[in-house]
Amino acid sequence: MSDPGTPPSRLQLPPGTWPSLIDGLCARFPRVPRDEWASRFARGRVQDAAGRALAPGLAYRPGMEIRYYREVADEPRIPFEARIVHHDAHVLVADKPHFLPVTPAGGFVAQTLLSRLRASTGLETLVPLHRIDRGTAGLVMFSVEPATRARYQALFPGRGIEKTYEALAPPPPTGDMPAARHSRIEAGEPFFRMREVDGPPNSETRIEVLERDTQGPWRYRLRPVTGRKHQLRVHMAALGTPILNDPFYPGLSPAGDDDFSRPLKLLARALRFLDPIDGSERVFESDRTL
């Protein structure tokens, strides 16, 4: 089940004519049994926008904002820990291990970076400013102070932050490096796998070689100019250099259970930006290795 550090999910009730709030939630989330919703109501785990517990028989009102706590029975334990690299009044930077999700999703609620950090620091105001894949290790920056959050969030779409990754992958088939990959990435099939399609590019990655190994994989530096889902993994696979232990690209079948002995060889190594509050240059680096 979830723990006290798990943040609530928010939902604006969609249009509908259900007689009660619990009826509407059962229709909205058909995979969650009614008795489970009843249990959440009884424990104050369904709330209004101000955090006040709601009753299951409350009239259903489209447009009303509610908060609810996701719960997962028998949630698997991720046996790796994050480290806090930096913490001040405005931001917190954590060094995430492989396999740990950044935020609750799917079968993970308590076993996420956000939930663990909220529990360990007591900071309910923590909000991630960006995401990295569950399989990727490395740096993730969080907003601490709501009053300055928008100024840090603006760094990402405005390309005011330089993100540097490292990866282990085979040598390029053509030998052409450094390289820049520009392509259009869209959702594919199944829904969690992305793909390159024809059309105007919406993604760009700059790739260079850090180490050439004649007996094994090469070490690459990856600099994403844009931030599409799975962008680095898709671009490396498209160049004929799929990142080691990547189950999705160019694989043709979904990944099974986690194999902790085979982490994805992708690391969010560094973040560099000018602080929007005082103008100072900030540089953070991961201590992890591939």
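Residues numbered from 1 in each chain as written. Predicted model: local features only at pLDDT ≥ 70, side-chain atom pairs only at ≥ 80, totals over all residues. Heavy atoms only, no water.

- Under an unreviewed UniProt entry, the name given to the protein is Pseudouridine synthase, and the source organism is Marilutibacter spongiae.

## Some details on the nonpolar core
Link 1 in the chain: F142, Y220, L222 and L266 are the most contacted members of the largest nonpolar core, which totals 30 residues.
Link 2 in the chain: Breaking this core down by element, the ones donating at least two residues are β5 (91-96), α3 (113-121), β7 (137-143), β8 (161-169), β11 (203-211), β12 (218-224), α5 (231-238) and β13 (266-274).
Link 3 in the chain: Apart from residues no more than four positions distant in its own chain, L266 is found in contact with H98, T136, A137, Y165, E166, A167, L222, L232, R233, I243 and L290. (Core = buried A, V, L, I, M, F, W, Y, C linked by side-chain atoms within 4.5 Å. Buried < 20%, exposed > 50% of the residue type's maximum accessible area, 1.4 Å probe, protein only. Helix = DSSP H or I, 4+ residues; strand = E, 2+ residues; numbered from the N terminus. Contact = heavy atoms within 4.5 Å.)

## Regarding the layout of surface pockets
Link 1 in the chain: Quantified by volume, the largest pocket comes out at close to 1800 Å³.
Link 2 in the chain: Lining of the largest pocket is provided by 50 residues; of these, D133, R134, G135, H230 and R233 occupy positions nearest its centre.
Link 3 in the chain: Take the lining of the largest pocket: its biggest share by element is four residues, from β8.
Link 4 in the chain: Counted by class, the lining of the largest pocket contains 23 nonpolar, twelve polar and 15 charged residues. (1 Å grid on protein atoms, 1.4 Å probe; cavity = no way out; pocket = protein on both sides within 12 Å on 5 of 7 lines; lining within 4 Å. Points joined across faces, edges and corners; volume = space filled by probe spheres on them. Nonpolar A, V, L, I, M, F, W, Y, C, P; charged D, E, K, R; others polar.)

## Quick word on the pairing of β8
Link 1 in the chain: With respect to burial, β8 is a largely interior element, eight of its nine residues being buried.
Link 2 in the chain: Two strands pair when backbone bridges link them, and β8 and β13 are joined in this way by seven bridges, in the antiparallel orientation. Counted as the bridge partner of A167 is L266 from β13.
Link 3 in the chain: Bridge analysis of β8 against β12 gives five bridges, and the strand direction is antiparallel. Residue pairing for β12: A167 is matched across the bridge by Y220. (Pairing = 2+ DSSP bridges.)

## Looking at the sheet that holds strand β3 (residues 65-68)
Link 1 in the chain: Read across the sheet, three strands follow the order β1-β3-β2 without closing on themselves; strand pairing throughout is antiparallel. This sheet does not close on itself; its edge strands, each paired only once, are β1 (9-12) and β2 (46-48). Ignoring strand direction, the axes of neighbouring strands in this sheet form an average angle of 30 degrees.
Link 2 in the chain: Both β2 and β3 contribute to a ladder of three bridges, which runs antiparallel. Its bridge partner lying in β3, V46 is registered against Y68. (Axes fitted to C-alpha atoms, helices over the stretch in contact; angles between N-to-C directions.)

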